[in-house]
Amino acid sequence: MSRQDLRNLYQDVLVDHSHERHGYGLLEDPTAESHGINRSCGDEITLHIRAGDGVIESVGWTGHGCAISQASASMLSDIVAGLTRDECTRCLDRFRSMLQSRGKDDGDEELLGDAVALSGVSLYPPRINCAMLAWTALEDGLTRIDA
Amino acid sequence: MPLDIDRIRAQFPALRRRVNDHPLVYLDSAATSQKPSVVLDAERTFLEQHNAAVHRGAHTLAAEATELFESSRERLARFLGAAPEEIVWTAGATAALNLLAYSFSNASRGRGGEPAERFRLGPGDELVVTELEHHANLIPWQELAARTGATLRPIGVDDAGRLRMDEAVEVIGEHTRVLAFAHVSNVLGAINPVAELVALARRFGALVVLDACQSAPHLSLDLKALDVDFAVLSGHKMLGPLGIGVLYGRRELLDAMPPFLTGGSMITSVMMERAEYLPSPARFEAGTQPVSQAIGLAAAVDFLDELGMEQVHERDAELGQALVTGLTAIPGIRVLGPAPGEPRVGLAGFIVDGVHSHDVGQFLDELGIAVRVGHHCAEPLHRRLGLAASTRASTSVYTTDAEVAAFLDGVGRIRAFFRA
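These numbers were taken from a predicted model, which means no experiment stands behind them.

A short note on the sheet that holds strand E4 (residues 87–90) of chain B
All names here are of chain B.
Then comes step 1: Pairing in this open sheet of 7 strands is mixed, and the strands run E4-E10-E9-E8-E7-E5-E6 from one edge to the other. Where the open sheet ends on each side, the last strands, each with one partner, are E4 and strand E6 (151–155). Between one strand axis and the next, the sheet turns through 20° on average, direction left out of account.
Then comes step 2: Bridge analysis of strand E5 (residues 126–130) against strand E7 (residues 176–182) gives 3 bridges, and the strand direction is parallel. Residue pairing across strands places Glu126 opposite Thr176, the latter belonging to E7.
Then comes step 3: This element, helix H7 (residues 194–203), spans E7 and strand E8 (207–211) of the sheet and lies at about 170° to E7.

Pasting the structure below:
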């Protein structure tokens, strides 16, 4: 992949998610709450996780940010519902290594679903934190659930 | 005579760059300007021919370095309508503002003796700033208030970002000891009413500190005529090198202030238990100084004066109007600050409806256009205007009409790209 076209960064599915924002809104009885902030721009996210019997039932979030951070949070909430904490951690590790790959890793669609559309971010290092915002909040929240 | 932009551009090597297969359109000069060859050459010549420690040593190079360093100070003094003793070199405007705040803080602890009494602060005293300040002209005063027990009070802005002069009249009063404000807002491009604010402060004997970072590159500055007590400016925003700034202070004030940074080169005599200090400016220039940077900054003001600050200002105002008029005509764009036709420098902050400023900046970068995104170190102003962030385009003497047109064309295509 190369930086030839800005659409490699802002793929259509990313722009879709940035508008649709799946999972937007906080949960009524969360098991864990976490908060993330991107210090370089002030973008913020509050993320709720509801978990039971070792499984993530759902994720809800609020906040504001760029198209990349909003799409990333939206994709995350699609992916992690129904996963165990260990499966979540695997997704997270895979997602992070995709973003740090400098264009060498297109991501694992089976594991990451629509979030492979964020693979283009790896060619824009200043934007990696935008894509990671929701995921680092998830990582923090996972430390506070029993599983 | 209007500026010959092509001739000017030929003297800025960085402007020959291409970015993402487009010629660079550099519209981030308010963050840091590009530098002409004469500035780079002045620094290089110093380092290759005259490099030595200033104000010490009897050898030829040391004498030459001292001569160049001090003549650069004289050059800046002439540019600002000040005396050389009133020009203190600093690492930048942030360092200059912290120098003031820490000197006042030291005076508040009794340092500086009787002459420094007028800088002493305590409970009941008030420091006044505005809601549109850059963090560099806010946080040093917050910290000074916290250290001394003084109170920090802001003058608010209205929904359009205009300074509330009705509020200024209320806030500035008998308890006001320091009034610190920006000459030109780094987000809005608006020029604040210096004379009216100074008149209010004078009525109560408050010290006036002017942040001239965003005015010095654009306007002809006469600090004596502006009648401020202190002013700070940043070299790298006015075609000069990084790592150099100026603190201007009225001589009788600087000579009465206790030092902030202490050490070599700022003393008259040193005993084991105490020391006597030189008068200004040496009192505030402890340790090794940014000599090549000062010489580079003097070359930058030579460059500006050769163009003529009146011509620079005229061109800058024209570019400011081109930005605001062009942006206002684009559907879904909201320009911050003064409306078209109202005075502003060559700087425009704006919001693209439905698109975050980082995405705006990314889209423009793809076209080789460099703008600033985020809160521009003015978080309280953004909060007051109900914004998390904005995008800012800012010009300099090398900005062309074609660049402004390319920028406006790019901005016009953003909302469709993001389906906003």
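Still more to cover.
A few points about the packing of helix H2 (residues 67–80) of chain A against helix H5 (residues 128–142) of chain A
Residue and element names in this part refer to chain A.
Then comes step 1: In contact at an axis separation of 6 Å, H2 and H5 are set at 40° when each is read in the N-to-C sense. Viewed along their axes, H2 and H5 adopt a mutual orientation that is oblique. Taken as a pair, H2 and H5 cross one another with a handedness that is right-handed. Facing Ile68, Ser69, Ser72, Ala73, Leu76 and Val80 of H2, the residues of H5 in contact are Cys130, Ala131, Leu133, Ala134, Trp135 and Leu138.
Then comes step 2: Tallied by class, residues from the contact of H2 with H5 come to 10 nonpolar, 2 polar and no charged.

Some remarks on the packing of helix H11 (residues 309–328) of chain B against helix H14 (residues 401–412) of chain B
All names here are of chain B.
Then comes step 1: At their nearest, the axes of H11 and H14 sit 10 Å apart, and the two run at 20° to each other. Viewed along their axes, H11 and H14 adopt a mutual orientation that is roughly parallel. Read as a crossing pair, H11 and H14 show a hand that is right-handed. Where H11 approaches H14, its residues Leu319, Ala322, Leu323, Gly326 and Leu327 are matched on the opposing element by Asp401, Val404, Leu408 and Val411.
Then comes step 2: Class assignment of the residues belonging to the contact of H11 with H14 gives a composition of 7 nonpolar, 1 polar and 1 charged.

A short note on the UniProt feature "domain: Aminotransferase class V" (unreviewed entry) in chain B
Then comes step 1: Residues annotated by UniProt as "domain: Aminotransferase class V" (unreviewed entry) correspond here to residues 25–407 of chain B.
Then comes step 2: Structurally, residues 25–407 of chain B is divided into 38% helix and 17% strand, and its ends, taken at the C-alpha atoms, are 8 Å apart.

Considerations on the interface of chain A and chain B
Then comes step 1: At the interface, 10 residues of chain A touch 11 residues of chain B.
Then comes step 2: Its residues assigned to classes, the side of chain A that touches chain B comprises 6 nonpolar, 4 polar and no charged.

A look at the domain arrangement of chain B
All names here are of chain B.
Then comes step 1: As far as domains go, chain B holds domain 1 (5–30 + 308–413) and domain 2 (42–305).
Then comes step 2: Measuring from the centre of the C-alpha atoms in domain 1 to the corresponding centre in domain 2 gives 28 Å.
Then comes step 3: Residue-level contacts link 27 residues of domain 1 with 24 residues of domain 2.
Then comes step 4: Listed by contribution, the elements that provide at least two residues to the side of domain 1 that touches domain 2 are H11, strand E14 (347–352), helix H13 (379–384) and strand E17 (390–394).
Then comes step 5: The residue inventory of the side of domain 1 that touches domain 2, partitioned by class, reads 14 nonpolar, 8 polar and 5 charged.

Considerations on H14 of chain B
All names here are of chain B.
Then comes step 1: Helix length check: H14, at 12 residues, gives a terminal C-alpha distance of 16 Å against a target of 16 Å (1.5 Å per residue), a fit within 8%.
Then comes step 2: If you check which residues of H14 are buried, you get Glu403, Val404, Phe407, Gly410 and Val411. For H14, the angular spread of buried residues about the axis comes to 125°, placing them on one side. Exposed residues lying more than 90 degrees from the buried face of H14 are Asp401 and Ala402.

What to know about the environment of Lys104 of chain A
Residues and elements named next belong to chain A.
Then comes step 1: Position of Lys104 relative to the elements: it lies in the loop between helix H3 (85–99) and helix H4 (109–112).
Then comes step 2: On the basis of neighbour counts, which here come to 11 C-beta atoms within 10 Å, the residue Lys104 falls in the exposed class.
Then comes step 3: Once the C-alpha coordinates of Lys104 and Asn38 are considered, the two residues, 66 residues apart in sequence, prove to be 25 Å apart.

Overview of the nonpolar core
Then comes step 1: Ala134 and Leu138 of chain A together with Leu179, Val232 and Val246 of chain B are the most contacted members of the largest nonpolar core, which has 170 residues in total.
Then comes step 2: Of all the elements, helix H10 (residues 291–307) of chain B adds the most residues to this core, at 10 residues.
Then comes step 3: Setting aside residues no more than four positions away along its own chain, Ala134 of chain A makes contact with Gly36, Ile45, Leu47, Trp61, Ser69, Ser72, Ala73 and Leu76 of chain A.

Parameters and conventions
- Residues numbered from 1 in each chain as written.
- Chains lettered and ligands numbered in written order.
- Predicted model: local features only at pLDDT ≥ 70, side-chain atom pairs only at ≥ 80, totals over all residues.
- Pairing = 2+ DSSP bridges.
- Helix = DSSP H or I, 4+ residues; strand = E, 2+ residues; numbered from the N terminus.
- Axes fitted to C-alpha atoms, helices over the stretch in contact; angles between N-to-C directions.
- Contact = placed C-beta atoms within 7 Å.
- Parallel < 35°, antiparallel > 145°, perpendicular 65-115°, else oblique.
- Left-handed = near helix turned anticlockwise from the far one by under 90°.
- Nonpolar A, V, L, I, M, F, W, Y, C, P; charged D, E, K, R; others polar.
- UniProt positions renumbered as here; feature names shortened; annotations may be inferred.
- Domains from an automatic or database assignment.
- Expected span 1.5 Å × (residues − 1).
- Buried ≥ 20, exposed ≤ 12 C-beta atoms within 10 Å, placed from the backbone.
- Arc of directions from axis to C-beta.
- Core = buried A, V, L, I, M, F, W, Y, C linked by C-beta atoms within 7 Å.

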